[in-house]
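# Observations on chain architecture
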Amino acid sequence: MRLTTRTNLAARILMACATNGDRLLRTAEISELCNCSTNHAAHVVQRLHAEGFLTTLRGRTGGIRLAREADQISIGTMFRLFEADIPFAECFDAEHNSCPLTETCRLRSYLERALGAFYHELDMVTLEDLVRGNCGLANLLAMHPAPPAQCGAELGQGG
């Protein structure tokens, strides 16, 4: 299994916004923080905005930020948003399936159960779980890094 670049980038963008919750981020800043093109970041930001993950403000002083608290953003929901339109295997795509084994193959049911378990696990993870006390992430993504004493304090970690 391999996640799409869009899903990976969406996770990076959400983590960047959560890490910088006190300010608006511009798409150019996000593309630099997330190591991607501004165009690619803009497309993902547009989708995240349309689905209610981000709030955007246009104009010279505009930017983006989380539309809700990080503990209210399910990683499973976000993954489904970007992965659901891409069939996991040919037999999952009714329109383009040409597999001659479809009628008798048992693999699909096992794959469906495995995907269900995968998403179930991600449904229990919030954006807050990814960023809270994550000193390394804060150092990489924060536009204004917090002093080391604050990093990891919530989880009893020193850095």
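Each remark here, short or long, concerns the structure printed above.
Residues numbered from 1 in each chain as written. Predicted model: local features only at pLDDT ≥ 70, side-chain atom pairs only at ≥ 80, totals over all residues. Heavy atoms only, no water.

## So, helix 5 (residues 107-123)
- For helix 5, which comprises 17 residues, the first-to-last C-alpha distance of 24 Å matches the rise-based estimate of 24 Å (1.5 Å per residue) to within 8%.
- Among the residues of helix 5, those classed as buried are Leu115, Tyr119 and Leu122. Each buried residue of helix 5 lies within a common arc of 55° when the element is viewed along its axis, so the set occupies one face. (Helix = DSSP H or I, 4+ residues; strand = E, 2+ residues; numbered from the N terminus. Expected span 1.5 Å × (residues − 1). Buried < 20%, exposed > 50% of the residue type's maximum accessible area, 1.4 Å probe, protein only. Arc of directions from axis to C-beta.)

## Thoughts on the pattern of salt bridges
- Considering all chains together, one arrives at 3 salt bridges under this definition.
- Where Arg23 meets Glu29, a salt bridge forms, and the shortest distance between an N and an O atom there is 3.4 Å.
- With a closest N to O distance of 2.6 Å, Arg80 and Asp123 form a salt bridge. Of this pair, Arg80 sits in helix 4 (residues 75-83) while Asp123 sits in helix 5, and the two are 43 residues apart along the sequence. (Salt bridge = Lys/Arg side-chain N within 4 Å of Asp/Glu carboxyl O.)

## Some details on the layout of surface pockets
- Approximately 310 Å³ is the volume attributed to the second largest pocket.
- Lining the second largest pocket are 14 residues, and of these Thr27, Thr56, Leu57, Arg58 and Ile64 sit closest to its centre.
- Elements with a minimum of two residues in the lining of the second largest pocket: helix 3 (38-50), strand 1 (54-57) and strand 2 (63-66).
- Element by element, the count of residues in the lining of the second largest pocket is highest for helix 3, at 4 residues.
- By residue class, the composition of the lining of the second largest pocket is 5 nonpolar, 7 polar and 2 charged. (1 Å grid on protein atoms, 1.4 Å probe; cavity = no way out; pocket = protein on both sides within 12 Å on 5 of 7 lines; lining within 4 Å. Points joined across faces, edges and corners; volume = space filled by probe spheres on them. Nonpolar A, V, L, I, M, F, W, Y, C, P; charged D, E, K, R; others polar.)

## Side note on the pairing of strand 1
- When strand 1 meets strand 2, the two strands line up antiparallel, connected through 4 bridges. Residue pairing across strands places Thr56 opposite Ile64, the latter belonging to strand 2.
- Connecting the antiparallel pair strand 1 and strand 2 is a turn made up of 5 residues, with Gly59 showing a positive phi of about 105°. (Pairing = 2+ DSSP bridges.)

## Some points on helix 4
- Judged by how many residues are buried, helix 4 sits mostly within the fold: 7 of 9 residues are covered.
- Those residues of helix 4 that sit buried are Ile75, Gly76, Met78, Phe79, Leu81, Phe82 and Glu83.
- Residue Ser74 occupies the N-cap position of helix 4, its side-chain oxygen lying 3.3 Å from the main-chain nitrogen of Gly76. (Polar contact = N/O pair within 3.5 Å; in protein donor to acceptor, adjacent residues only side chain to side chain.)

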